[in-house]
Amino acid sequence: ALPQPQLYEQPPPPPPPPQRVRRTQWGVQFRVEGVPMGRDAPSNARMGGLGGSVRPRIGPYFAFDVGLDFLWGHDFNGDERSETVFSVNPMVFVNPRHRVQLYLLGGFLVSSARVKYGYGGETRYRHIGVDGGAGLEFRFWRRFAIDADVLAFVRSRTDISPYPEYVDPATGRYTDTSAGAVLRLGLVHYW
């Protein structure tokens, strides 16, 4: 007797070709911000503003925040002030797979300020400095997130004005280096 041929089911189809994984996710952020003042500042010292960033996220853990911010109000001396700040901040996301993500950021900034004094004078300053901070991003929808962070900065003047930027009227001490912090709350759209 001849052996009977075995019957097989049809072979499974070949696996689909691998899909190209998109590594970079782009985002744009719009934010409101406030600048807290020290306890030695005059009662009218307060500043706030608006800003925006382009945020290429080059992987789940890393992004760059390239921002432009506009601030106005009264500075630490109580003088009317407006500022424009350009910053570049690399970001590290500590827990990128969670809905609420902790991130750290730090980088450099350049800024331009216009100050109007009570006696009618006006001065413009330019600065360069560094910043760093931490924040939380809440991804409430696939393409949208709300984030909040605190960003501290230290900067020095780069213009050639002979007059100091900050003078302590009680002691006469002066400086052209300033430090502070910015509180930011934003909405991010990713695509």
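Scroll up to find the structure this text is about.
These lines cover the structure that appears in this document, whether it is placed above or below. Just so we're clear, the structure is a prediction, and the values are computed from it rather than from any experiment.

Conventions used here
Residues numbered from 1 in each chain as written. Predicted model: local features only at pLDDT ≥ 70, side-chain atom pairs only at ≥ 80, totals over all residues. Heavy atoms only, no water. Salt bridge = Lys/Arg side-chain N within 4 Å of Asp/Glu carboxyl O. Helix = DSSP H or I, 4+ residues; strand = E, 2+ residues; numbered from the N terminus. Buried < 20%, exposed > 50% of the residue type's maximum accessible area, 1.4 Å probe, protein only. Core = buried A, V, L, I, M, F, W, Y, C linked by side-chain atoms within 4.5 Å. Phe/Tyr/Trp six-rings, centres within 6.5 Å; stacked < 30°, edge-to-face > 60°. Pairing = 2+ DSSP bridges. Axes fitted to C-alpha atoms, helices over the stretch in contact; angles between N-to-C directions.

**Describing the pattern of salt bridges**
For side chains bearing opposite charge, pairing can occur when the charged atoms are close. Under the definition given, this model contains 17 salt bridges. Among the salt bridges present, the one from arginine 55 reaches aspartate 147, with a minimum N-O distance of 3.1 Å. Highlighted residues: arginine 55 in strand β2 (residues 46-57) and aspartate 147 in strand β7 (residues 144-157), separated in sequence by 92 residues. Accessibility expressed as a relative area gives 0% for arginine 55, which makes it buried. Connected via shared salt-bridge partners are Arg55, Arg57, Asp65, Glu137, Arg139 and Asp147.

**Topic: the nonpolar core**
Residues Ala63, Met91, Phe93, Tyr103, Leu105, Ala145, Leu151, Val188 and Tyr190 constitute the largest nonpolar core, which totals nine residues. If you list the elements that add at least two residues to this core, you get β4 (80-93), β5 (100-116), β7 and β10 (177-190). Counting seven residues, the second largest nonpolar core, distinct from the first, contains Val35, Met47, Leu71 and Val182.

**Re the packing of aromatic side chains**
Under the criterion given, the structure shown has five aromatic pairs. Seen from their ring centres, phenylalanine 93 and tyrosine 103 are 5.6 Å apart, and the 50° between their planes marks the pair as tilted. Pair noted here: phenylalanine 93 is in strand β4 and tyrosine 103 is in strand β5, with a separation of ten residues, a long-range link. The residues phenylalanine 93 and tyrosine 103 share a single accessibility class, namely buried.

**Comments concerning the sheet that holds strand β1 (residues 25-35)**
Around the barrel, which closes on itself, the eight strands sit in the order β1-β2-β3-β4-β5-β6-β7-β10 with antiparallel pairing between neighbours. If you compare each strand with its neighbour and ignore which way they point, the axes differ by 25° on average. As defined by bridge partners, β1 adjoins β10 across eight bridges and the pair is classed as antiparallel. Bridge pairing links valine 32 to leucine 185 in β10.

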